[in-house]
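Residue-level listing of the chains:
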Amino acid sequence: MFILGTSVSSQIDANWQTYIMIGVYFLILVIIGIYGYKQSTGNLSEYMLGGRSIGPYITALSAGASDMSGWMIMGLPGSVYTTGLSAIWITIGLSLGAYLNYFIVAPRLRVYTELAGDAITLPDFFKNRLDDHSNIIKIISGSIIVIFFTLYTYSGFVSGGKLFETAFGLNYRYGLIMVAVIVIFYTFLGGYLAVSITDFFQGVIMLIAMVMVPIVALLKLNGLDTFHQVADMKPTNLDLFRGTTVLGIISLFSWGLGYFGQPHIIVRFMSIKSFKLLPKARRIGIAWMVIGLAGACLVGLTGIAFVPEYHITLKDPETLFIIMGQVLFHPLVGGFLLAAILAAIMSTISSQLLVTSSSLTEDFYKLIRGKKADPKKHEKEFVLVGRISVMVVAFVAIWIAWTPNDTILNLVGNAWAGFGASFSPLVLFSLYWKGLTRAGAISGMIAGAATVIVWIVFIKPMANINEIFGMYEIIPGFIISVIVTYAVSKLTQKPSERTIGELDEVKQILHTK
C-alpha cells in the first residue's frame, strides 16, 4: 500500500462515480459473455476456437490484450519508475518478438493446424504433426500448459487483488474474489468468442488509458521539461545503458524469444478466418502494442517527478498508474482508468483459463474417454467439461494467490520463460524443419521446461555469487531446448513421408495466396 500526503488524499478516495464506471464495465463483460454463449458454444471447436471465424481487428487486439495483462499497466511502469529508462529493453525485445511472430509463426500455424487434423490446441497440433499415436506428446505438452498457465493466472489474480486494495481500500482477498467471479462468468458462458470480443473491447480501453495518463501528467507537471527534472533527480533515469548491465539488457531483450511458444497468443492465429487476413492483423496489433508499451514507460518516467511533486510516499511502485489516474482525473475518468487496469488483468486471465481448459478437455479428458466417445455425439459433454475446467483452474489459481509472495512482473516472467523455453523451439521446428521427430520434440520440451524450473529454484538464488546466475531463465532454457530437440531428432527415426508432405503442402498453400 502507499501513504498519501494531505494535499491529495481526498482525491484518491473512490466515490460513487468511480463505482458506477466500474459497475458499467462489469455489466458490459457480462452481456458479452451471454452473447458469446448464444452465438458460438454449440461444439468444442466453437467454444475453444470460435469456429476459426474471427476477423483481423478482433484477432489483433485480442492477441495484444491477452498478451500484455496487468504487467503492462502495473508491472512495467513500476519497473521503469524504480530502474529508469534502462528498463525499457524489455519493451524493445517484446515488440520485436511480437512482430517476428506475425511473420514467422502466424501464417504457417494457421494453415498447418487446420491441415493437421483441424487441431484446436497446441498439444493436438504437435500430436498430429508428429504422428504420435501414443499421445505422449499431448500429455507432456498439456501438462506444461496446465502447470505454467496456473502460475500465469495466479499473477493476474494478484494484480486484481492489488488493484481493489489500492484504489478502493478493500481487503486484497475481496478484490481477488470480485475479479475472479466476473472473469469466470463470461469465460465459462461465452467461451472463445466472448473472450475475444472482451479482449478487443478491453484492448481499446487499455490503449486510451496508456496514452491519456502520461500526457495529462506532463501537462500537470512541467511539460517536456519534466524529463530534465527526472534526469536531474538521478542521471541514470534517462540513460538506456546506465543503471543496468550488459547481462541485464540481454535478459530483458530475451523476453522476445518467448512469443513463438505462448499458447494464449498463438491460438489467436489459429482462430482467424484466413491466413490472408494476418498482414492487416499484424499492422493493427503491432501499432497497438508499441503505443501501449511506450505509454507504460512514460507513466513510469513521469511518475518519478510526479510522486514527490504531489507528496506521495510510494511503498509499492506497481501501484503507480492507479495513484496517478486517481489524482489527475475526475472520479468518473478515474473509474475508466481503473477499468483499463481491470481490462488488462481480465483479458489475460480469461485467455489463459480458456487455453488451459481446452488442454484439459482436448488433451486429457478425451484421452480418458477413449475412442468410445463419438466427437459428434458427445460435443455438449466436451463443452461442459471445458466449462468445468475453467472453474477448476481458476479455483486453484485463486488458492495460490490468496497469499501473494512476489511481484507481478516476476510472476509473469517465470511463466513466460516456462512457455518460451518449452514451446518456442518446438513450434519453430514443427513449422520449418522436416527432420523433427517425436522423440526430439518430447526431449526438447522436457529439457526446456526443466531448465527453467531448475534455474529459478536453484541457480538464480546464487546471483549474488556471480552475475551470470541472475540471467533470465528463458535464455538457458531456450538454448538447451533447441540443442536437445535437434540432437535427439538427428539420432532417432526419421519422420513419416506424410508429415514431410504436409510441410510442403503448407508452403504451397501460402505461396498461392
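Quick note: structure is the one above.
About the cut-offs
Residues numbered from 1 in each chain as written. Predicted model: local features only at pLDDT ≥ 70, side-chain atom pairs only at ≥ 80, totals over all residues. Heavy atoms only, no water. Axes fitted to C-alpha atoms, helices over the stretch in contact; angles between N-to-C directions. Helix = DSSP H or I, 4+ residues; strand = E, 2+ residues; numbered from the N terminus. Parallel < 35°, antiparallel > 145°, perpendicular 65-115°, else oblique. Left-handed = near helix turned anticlockwise from the far one by under 90°. Contact = heavy atoms within 4.5 Å. Nonpolar A, V, L, I, M, F, W, Y, C, P; charged D, E, K, R; others polar. Buried < 20%, exposed > 50% of the residue type's maximum accessible area, 1.4 Å probe, protein only. Phe/Tyr/Trp six-rings, centres within 6.5 Å; stacked < 30°, edge-to-face > 60°. Polar contact = N/O pair within 3.5 Å; in protein donor to acceptor, adjacent residues only side chain to side chain. Core = buried A, V, L, I, M, F, W, Y, C linked by side-chain atoms within 4.5 Å.

**Some points on the packing of helix α7 (residues 122-129) against helix α8 (residues 136-168)**
One can describe the packing of α7 onto α8 by two numbers: an axis separation of 8 Å at closest approach and a directional angle of 160°. As the angle between them shows, α7 and α8 are arranged roughly antiparallel. The way α7 lies across α8 gives a crossing that is right-handed. Together, Pro 123, Asp 124, Phe 126 and Lys 127 of α7 and Ile 137, Lys 138, Ser 141, Gly 142 and Ile 145 of α8 make up the contact between the two elements. Residues that form the contact of α7 with α8 fall into these classes: 4 nonpolar, 2 polar and 3 charged.

**Looking at the packing of helix α14 (residues 320-328) against helix α15 (residues 331-369)**
Put simply, α14 and α15 touch, their axes get as near as 8 Å, and they point 160° apart. By the angle between their directions, the pair α14 and α15 is classed as roughly antiparallel. Like other packed secondary-structure pairs, α14 and α15 cross with a definite hand, here right-handed. Residue-level inspection shows Phe 321, Ile 322, Gly 325 and Gln 326 of α14 in contact with α15, the latter providing Gly 334, Gly 335, Leu 337, Leu 338 and Ile 341. Grouping the amino acids of the contact of α14 with α15 by side-chain chemistry returns 5 nonpolar, 4 polar and no charged.

**With respect to unusual backbone geometry**
Phi at Asp 118 is positive, roughly 50°, even though this residue is not glycine. With respect to the element layout, Asp 118 can be found in the loop between α6 (106-115) and α7. Under the relative-accessibility criterion, Asp 118 is labelled partly exposed at 37%. Unlike most non-glycine residues, His 311 shows phi in positive territory, near 55°.

**Quick look at the packing of aromatic side chains**
Counted according to the given criterion, the structure contains 16 aromatic pairs. Geometrically, the ring pair formed by Phe 149 and Phe 419 is tilted, given 4.5 Å between the ring centres and 55° between the ring planes. Taken together, the positions of Phe 149 in helix α8 and Phe 419 in helix α17 (residues 408-432) put the pair 270 residues apart, joining distant regions of the chain. Here Phe 419 falls in the buried class, since its relative accessible area comes to 0%. Seen from their ring centres, Trp 433 and Tyr 486 are 5.1 Å apart, and the 25° between their planes marks the pair as stacked. Within this pair, whereas Trp 433 is found in the loop between α17 and α18 (438-459), its partner Tyr 486 is found in helix α19 (residues 474-491), the two being separated by 53 residues in sequence.

**Focus on the environment of Ser 489**
One can find Ser 489 in helix α19. The spatial distance from the C-alpha of Ser 489 to the C-alpha of Val 390 is 35 Å, given a sequence separation of 99 residues. Discounting residues that sit within four places of it in the chain, Ser 489 has contacts with Trp 433, Gly 435, Leu 436, Thr 437 and Gly 440. A distance of 3.3 Å separates a polar side-chain atom of Ser 489 from the backbone nitrogen of Thr 437. Within the structure, Ser 489 has its side chain in polar contact with the backbone oxygen of Thr 485 (distance 2.8 Å).

**What to know about the nonpolar core**
Counting 154 residues, the largest nonpolar core has Ile 73, Phe 157 and Met 346 as its most contacted members. A per-element tally of this core places helix α9 (residues 172-220) first, with 19 residues. Sequence-distant contacts of Ile 73, defined by excluding residues within four places in its chain, comprise Met 206, Met 210, Phe 321, Ala 340, Ile 341 and Ala 344.

Take it as geometry only, folks, not as evidence of what the structure does.
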